[in-house]
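Fold and contact review
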Amino acid sequence: MTTQQENTKRIAKNTLMLYVRMLFSMLVSLYTSRVVLQALGVEDYGIYNVVGGVVAMFSMISSSLSSSVSRFLTFELGKGDTDGLKRVFSTSLSIQLVLAGIIVVLAETIGLWFLNTHMTIPANRLYAANWVFHASVLTFVINLLSVPFSASIVSHERMSAFAYIGILDVVLRLLIVLFIAYSGLGFDRLIVYALLLVGVVCLMQAIYWRYCTRHFLECQLKLSFDVDYWKEMSSFAGWNFIGCTAGLLKDQGVNILLNLFLGPIINAARGIANTVNNVLSSFAGNFMTALNPQITKSYAAGDYDYMFSLVERGSRFSYYILLLFALPMLFEADFVLTLWLKHYPAHTVNFVRLILLVTMCDILSNTLINLQISTGKIRNYQLAVGGMLLMNFPLSYICLKIGFQPESTLIVALIVAVACLFLRLLFLRKMVGLSMRRYLHKVCGNVLCVTLVAAVLPTLLYLQMADGVMRFLLMCVLTVLCSATAIYFIGCNRNERNFIKSRIVLIRHKFSL
């Protein structure tokens, strides 16, 4: 078996493990989201989402460093440098400890001041909001210190660890939700919910730490400080900080703007939409989690042809996976939300549809982002693309200031996402020789044709048939059939179709035995 065949087999195995975890998590999460909304109420649910967003604003540094750690570990694995792995891990752990102290000080001063003086929170819920804030800070610090460990698992492609531990995490969160909703005790549900989630995070991270120290040599708890790696990683993380800042301002920053202009109810609507988006995008996200380490390793090994094929196929198939699940939701968002939640805030349906469109555009950039990170040369890239992403925040502010509907913030995000895709292609053409014309034709043009063909018959059904259970069932069947047909005949080349047919024959043979 060739190296590429082994890598493909590993990607398929890791993707399968992640999907097992995801399917279980999805079913439980859909149920727990409904119970949490009912148990906390719309107002407290919105407060929990926006206060957590304030803390997330302080995660810009850790997010940039997390990408840095994962890139350097994966790169050293691609080179086969065990000593380099140990030095990268130990240096990153030392840096995380220093950052944890700095961010706690910033969060408990600037963040706390902003929460109590500028955010739109009812006076009788401000005390509970402060508890949520402190719990979120503690959760953030724990996650920050676990970054080198989680990066090691991804770099080593041990996705089974994520699958099993993730299932335990979901079960514990389900138990918390059931306790909050049905215990009948006279406590403040919002405060207790936040504190119990801290306990779950502590347990999960302890399990991750234990797993890594037992299975990976570089993860021994030994603090050291390699000056050369510190300079290289700090420079990488510093420039990556721009992109992480832009991403957070796009999501959590705009969420805070919505709170300042419209109050916590609109945050609840956006929170519900984000939950739906996270569930559906996880289908494609798990595939990307399994694929990304191979892109970095092939770059480190100098195998550019294989790397480019991974980038193109990864973008197309992650989009196809998302399309299969997003298309019925785009048509039947109102019915699904009513079936799921019974009652939901205004603007939720539009938020769901627009967030899904933004995600469908963003997903075409995922492999490009990972390829760019793999090169380690991100200064000019982050100045240009990060600068463009930063426009989400001021443009959204202007839209809300002049009285546009809250949906305008997501229309801004969609326009910016398209602009960033073109900028990424321009930079990668210059840096690694990625053909921009080929990518636009083989990936962007391909998925656009597939989407348009797949949407024709569902659109006719949506326009001709009244909403209800029958239309929903027909829409689900029709969108899946149309999407699968368009993907197979338009989206796949001859080799990919032959591979799919061989897999179908193999599965049929196994069931016939």
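Residue numbers here run from 1 along each chain, matching the order of that chain's written sequence. Where totals are concerned, whole chains, interfaces and linings use all residues; where local detail is concerned, this predicted model gives features only for residues with pLDDT of at least 70, and gives and counts side-chain atom pairs only at 80 or more. Excluding hydrogens and water, the side-chain values take into account all heavy atoms of the structure.

Section: the side chain of Gln205
To keep things clear, this is the line we draw: Under the scheme used here, helices are H or I runs from DSSP no shorter than 4 residues and strands are E runs no shorter than 2 residues, and both carry numbers assigned from the N terminus. Only protein chains enter the accessibility calculation, which uses a 1.4 Å probe; a residue is then buried when its area is under 20% of its type maximum, exposed when over 50%, and partly exposed in between. The criterion used for residue contact is that any of the two residues' heavy atoms lie within 4.5 Å.
Along the chain, Gln205 turns up in helix H7 (residues 189-215). Gln205 gets classed as buried once you look at its relative accessible area, which sits at 10%. Not counting residues up to four positions away in its chain, the partners in contact with Gln205 are Ile142, Asn143 and Ser146.

Focus on the environment of Tyr182
Relative to the elements of secondary structure, Tyr182 occurs in helix H6 (residues 159-182). Relative accessible area serves as the criterion here: at 57%, Tyr182 is assigned to the exposed category. In this structure the C-alpha to C-alpha distance between Tyr182 and Val35, which are 147 residues apart in sequence, comes to 9.8 Å.

Points about a nonpolar patch on the surface
What counts here: By definition, no residue in a patch forms a salt bridge, and every one has over 30% relative accessible area; like charges are joined within 9 Å, nonpolar side chains (Val, Leu, Ile, Met, Phe, Trp, Tyr) within 5 Å. Working definition of accessibility: Shrake-Rupley area with a 1.4 Å probe, residue cover restricted to the visible protein chains. We define a salt bridge as a contact between a side-chain nitrogen of Lys or Arg and a carboxyl oxygen of Asp or Glu at a distance within 4 Å.
On the surface, Leu260, Phe261, Leu262, Met391, Leu395, Tyr397, Ile398, Ile402 and Phe404 cluster together into a nonpolar patch covering about 790 Å² of accessible area. At the level of secondary structure, the elements contributing two or more residues to the nonpolar patch comprise helix H8 (227-262) and helix H14 (392-401). Along the chain, Ile398 falls in helix H14.

Quick word on unusual backbone geometry
Despite not being glycine, His347 has its phi angle at roughly 80°, a positive value. On the secondary structure map, His347 appears in the loop between helix H10 (304-341) and helix H11 (348-362).

A short note on the packing of H10 against helix H17 (residues 469-491)
The relative placement of two packed helices is expressed as an angle between their axes plus a distance between the axes. Rules: Convention adopted: a line fitted to C-alpha atoms gives each axis, helices being fitted over their contacting stretch, and angles between N-to-C directions are expressed from 0 to 180 degrees. In these notes the angle categories are as follows: under 35 degrees is roughly parallel, over 145 is roughly antiparallel, 65 to 115 is roughly perpendicular, and the rest is oblique. The handedness criterion is simple: a crossing whose near helix is rotated anticlockwise from the far helix by less than a right angle is left-handed, and one whose near helix is rotated clockwise is right-handed. Think of it as three bins: nonpolar holds Ala, Val, Leu, Ile, Met, Phe, Trp, Tyr, Cys and Pro, charged holds Asp, Glu, Lys and Arg, and polar takes everything else, Gly as well.
Where H10 contacts H17, the two axes come as close as 10 Å, and the packing angle between them is 160°. As the angle between them shows, H10 and H17 are arranged roughly antiparallel. Of the two possible hands of crossing, H10 and H17 adopt the one that is right-handed. Together, Arg316, Tyr320, Leu323, Leu324, Leu327, Pro328, Phe331, Glu332, Phe335 and Val336 of H10 and Val469, Arg471, Phe472, Met475, Cys476, Thr479, Val480, Ser483, Ala484, Ile487 and Gly491 of H17 make up the contact between the two elements. Tallied by class, residues from the contact of H10 with H17 come to 15 nonpolar, 3 polar and 3 charged.

Focus on helix H16 (residues 436-464)
What counts is decided by this rule: Expected span of a helix, by definition, is 1.5 Å for each gap between consecutive residues, and there is one gap fewer than residues. The reported bend at a residue is simply the angle between two axes, fitted to the 7 residues ending at it and to the 7 residues beginning with it. Within 3.5 Å is the distance limit for a polar contact, defined as a pair of N or O atoms, with the added protein rule that one can donate a hydrogen and the other accept it, and that residues adjacent in sequence qualify only through two side-chain atoms.
For H16, spanning 29 residues, the distance from its first C-alpha to its last is 40 Å, which sits close to the expected 42 Å at 1.5 Å a residue. In the structure, H16 departs most strongly from a straight axis at Val456, where the bend amounts to approximately 35° and where the proline Pro458 lies between one and four residues downstream. At the N-terminal end of H16, a side-chain oxygen is found 3.1 Å from the backbone nitrogen of Arg438, two or three residues along, and the residue is Ser435.

Observations concerning the state of the cysteines
To keep things clear, this is the line we draw: The disulfide definition used here is simple: a pair of cysteine sulfur atoms within 2.5 Å.
This model, assessed by the stated rule, comprises 0 disulfides. Cys444 carries a free sulfur, and the closest cysteine sulfur to it, the one in Cys361, is 8.2 Å from it.

What about the packing of helix H12 (residues 366-375) against helix H15 (residues 408-432)?
Between H12 and H15, whose axes approach to 10 Å, the crossing angle comes to 40°. Taken together, H12 and H15 sit at an angle that is classed as oblique. Every pair of crossing elements has a handedness; the one defined by H12 and H15 is left-handed. Two secondary-structure elements touch here, H12 through Leu368, Ile369, Leu371, Gln372 and Thr375 and H15 through Leu421, Arg424, Leu425, Phe427, Leu428, Met431 and Val432. Looking at the contact of H12 with H15 residue by residue, the classes come out as 9 nonpolar, 2 polar and 1 charged.

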